[in-house]
Amino acid sequence: MRRAMICVSVMLAILQLWPMVFGQSVTPAEVAATAAPGAHAAARVPSPMVALASSGPVEAMKSSSQAAVSTGHISCYRHYEIAFAACAPSDRACRMKSADQWDLCEATGFWGN
């Protein structure tokens, strides 16, 4: 049983680290194209829970999220790619900060400074 748990742990570690080690690099041209307003519109799909709710504040949130999509909102992951690519390969603090910002953006919907 111990060996099975070790095997599962190693497989999960590989699954999580694979994109970071072998992921695609972002070129400066892609960074410049994404930084331009309206370059990429984020395609948001409303969740079933929001669609089922009928209260006033939820309806206001739905309309504000649709306004964000129509103004050319850049997705949180794309912001993360840009911030991560701007970090030096040996600058671990910068990479952790960009990961923290991505997490906060996914939770709040806004990319901080």
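Look up: the structure comes first, before these words.
What counts as what
Residues numbered from 1 in each chain as written. Predicted model: local features only at pLDDT ≥ 70, side-chain atom pairs only at ≥ 80, totals over all residues. Heavy atoms only, no water. Helix = DSSP H or I, 4+ residues; strand = E, 2+ residues; numbered from the N terminus. Expected span 1.5 Å × (residues − 1). Bend = angle between axes of the 7 residues up to and from the residue. Disulfide = S-S within 2.5 Å. Phe/Tyr/Trp six-rings, centres within 6.5 Å; stacked < 30°, edge-to-face > 60°. Buried < 20%, exposed > 50% of the residue type's maximum accessible area, 1.4 Å probe, protein only. Patch = residues over 30% accessible without salt bridge, like charges linked within 9 Å, V, L, I, M, F, W, Y side chains within 5 Å. Areas by Shrake-Rupley, 256 points an atom, 1.4 Å probe, with all protein chains shown as cover. Salt bridge = Lys/Arg side-chain N within 4 Å of Asp/Glu carboxyl O.

Visitor: In this structure, what is going on with helix 1 (residues 2-22)? I would like to understand it.
Guide: Spacing of three or four residues puts side chains on the same side of an α-helix, whose turn is 3.6 residues. In a regular helix each residue adds 1.5 Å, so 21 residues correspond to 30 Å; helix 1 covers 30 Å between its end C-alpha atoms and thus fits that length. Roughly 35 degrees is the biggest bend found in helix 1, and it falls at Q16, with proline P19 one to four residues downstream.

Visitor: Can you help me understand the state of the cysteines in this one?
Guide: Per the stated rule, a full pass over the model turns up 2 disulfides. In this model, C76 is linked to C105 through a disulfide, with the two sulfur atoms separated by 1.9 Å. Measuring the twist about the S-S bond at about -70 degrees, one finds the C76-C105 disulfide to be left-handed. With C76 in helix 5 (residues 76-86) and C105 in helix 6 (residues 92-108), the pair connects residues that are 29 residues apart, well separated along the chain.

Visitor: Explain the packing of aromatic side chains to me, please; I cannot follow it from the model alone.
Guide: Any aromatic ring pair is given by two values, namely how distant the centres are and how the planes are angled relative to each other. Applying the stated criterion across every chain, the model contains 4 aromatic pairs. When the centroid spacing of 5.3 Å and the interplanar angle of 55 degrees are considered together, the rings of Y77 and W102 count as tilted. Of this pair, Y77 sits in helix 5 while W102 sits in helix 6, and the two are 25 residues apart along the sequence. Here Y77 falls in the partly exposed class, since its relative accessible area comes to 40%. On the numbers, 4.5 Å between centres and 20 degrees between planes, the contact of Y80 with W102 is stacked. With Y80 in helix 5 and W102 in helix 6, this pair connects stretches of sequence that are 22 residues apart.

Visitor: Where do I start with a nonpolar patch on the surface in this structure?
Guide: Together, I6, V10, I14, L17, W18, M20, V21 and F22 make up a nonpolar patch on the protein surface, roughly 840 Å² of accessible area in all. Within the fold, M20 resides in helix 1. Assessed through its relative accessible area of 53%, M20 is described here as exposed.

Visitor: Would you mind showing me how to read the environment of A107 here?
Guide: As for its placement among the helices and strands, A107 is situated in helix 6. Linking A107 and C76, residues 31 residues apart in sequence, is a C-alpha distance of 9.9 Å.

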